[in-house]
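# Chains, contacts and geometry: an overview
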Amino acid sequence: MFITDQDYKVVIGEQALKVISQVSENNRINAEQEAIEEISSYLRPKYDTNAIFTAMERNSLIVMYACDIALYHMAASAPQKMGMEIRKERYERAVKWLEGVQAGKIIPDLPLATDDDGNPSGIPFTYGSQKPLRHNW
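A brief look at the structure comes next. Everything quoted here is computed from the prediction, not taken from an experiment. (Residues numbered from 1 in each chain as written. Predicted model: local features only at pLDDT ≥ 70, side-chain atom pairs only at ≥ 80, totals over all residues. Heavy atoms only, no water.)

## Remarks on the nonpolar core
In terms of nonpolar packing, the biggest core is built from 35 residues, with Phe2, Tyr8, Ile39, Leu43, Ile62, Leu71 and Met74 touching the most fellow members. When contributions to this core are tallied by element, the ones reaching two or more residues are α2 (14–20), α3 (25–43), α4 (49–54), α5 (60–76) and α6 (84–103). In terms of residues, this core owes the most to one element, α5, which gives 11 residues. (Core = buried A, V, L, I, M, F, W, Y, C linked by side-chain atoms within 4.5 Å. Buried < 20%, exposed > 50% of the residue type's maximum accessible area, 1.4 Å probe, protein only. Helix = DSSP H or I, 4+ residues; strand = E, 2+ residues; numbered from the N terminus.)

## Description of α6
Three or four residues apart is the spacing at which side chains of an α-helix point the same way, because the helix has 3.6 residues per turn. Along its 20 residues, α6 runs 28 Å from first to last C-alpha, staying within 8% of the 28 Å computed at 1.5 Å per residue. Buried residues of α6: Met84, Arg87, Arg90, Tyr91, Ala94, Val95, Trp97, Leu98, Gly100 and Val101, and no others. Tucked into the core, α6 has its buried residues touching α2, α3 and α5. Just beyond α6, the residue with positive phi is Gly104, at close to 85°. (Expected span 1.5 Å × (residues − 1). Contact = heavy atoms within 4.5 Å.)

## A word on the packing of aromatic side chains
One pass over the full model with this rule turns up 3 aromatic pairs. Judged by centre distance (5.1 Å) and plane angle (40°), the rings of Tyr65 and Trp97 are tilted. A residue pair is termed long-range when its members are at least 10 positions apart, and Tyr65 in helix α5 and Trp97 in helix α6 qualify at 32 residues. Over the ring of Phe2 we find Arg58, and its NZ or CZ is 5.4 Å from the ring centre. (Phe/Tyr/Trp six-rings, centres within 6.5 Å; stacked < 30°, edge-to-face > 60°. Lys NZ or Arg CZ within 6 Å of the ring centre and 35° of its normal.)

## Side note on the environment of Arg44
Structurally, Arg44 is set in the loop between α3 and α4. Spatially, the C-alpha atom of Arg44 lies 9.0 Å from that of Gln102, the residues being 58 residues apart in sequence. Those residues in contact with Arg44 that sit more than four places away from it in its chain are Glu37 and Thr49. At 3.1 Å, the side chain of Arg44 forms a polar contact with the side chain of Glu37. (Polar contact = N/O pair within 3.5 Å; in protein donor to acceptor, adjacent residues only side chain to side chain.)

## Comments concerning the side chain of Arg28
Here Arg28 is to be found in helix α3. By relative accessible area, Arg28 is classed as buried at 11%. Setting aside chain neighbours within four positions, we find Arg28 in contact with Ile3, Thr4, Asp5, Tyr8, Leu17, Ser21 and Met74.

## Examining the packing of α3 against α5
Packing of α3 against α5 leaves a shortest axis separation of 8 Å and a crossing angle of 125°. Between α3 and α5, the interaxial angle falls into the category oblique. The two elements α3 and α5 meet at a crossing, and its hand is right-handed. Of the residues in α5, those in contact with Asn27, Arg28, Ala31, Glu32, Glu34, Ala35, Glu38, Ile39 and Leu43 of α3 are Ile62, Tyr65, Ala66, Ile69, Ala70, His73 and Met74. (Axes fitted to C-alpha atoms, helices over the stretch in contact; angles between N-to-C directions. Parallel < 35°, antiparallel > 145°, perpendicular 65-115°, else oblique. Left-handed = near helix turned anticlockwise from the far one by under 90°.)

## Topic: the pattern of salt bridges
This structure, assessed with the given rule, holds 7 salt bridges. As a salt-bridge pair, Arg58 and Asp7 come within 2.7 Å of each other at their nearest N and O atoms. Of this pair, Arg58 sits in the loop between α4 and α5 while Asp7 sits in helix α1 (residues 5–8), and the two are 51 residues apart along the sequence. The class for Asp7 is buried, based on a relative accessible area of 12%. Through salt bridges with shared partners, a single network forms among Asp5, Arg28 and Glu32. (Salt bridge = Lys/Arg side-chain N within 4 Å of Asp/Glu carboxyl O.)

## A short note on the environment of Val19
With respect to the helices and strands, Val19 occurs in helix α2. It is 9.6 Å that separates the C-alpha atoms of Val19 and Met74, two residues lying 55 residues apart in sequence.

Structure representation (structure tokens):
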């Protein structure tokens, strides 16, 4: 998997992780897969998400946000939504960062999506024009 036990230690304690994941490996794996797909949905138009999630040298922000999003999904299924406030806050911060990346306001050091010839194939810029002039003579 993309997320390791060591990665979680940056954002949550070991005992708290066991409580949130309800000591279920399947619950944790499902939440991690959901987090990876959620992140991919934001990054896929421009970045090579397969390369991002299979790289030997992982981007530390992507790892942290993947942990935050996975923990948010795990906490949502916990009894009485234990610890949900901090999970929700960190989840919203992760989504805000992903939206900034998607909008082009934040440019992370991630591999770009390429076509068969090796040329960047994402959305490099947006098209637009000025409002049409309407002169009444």
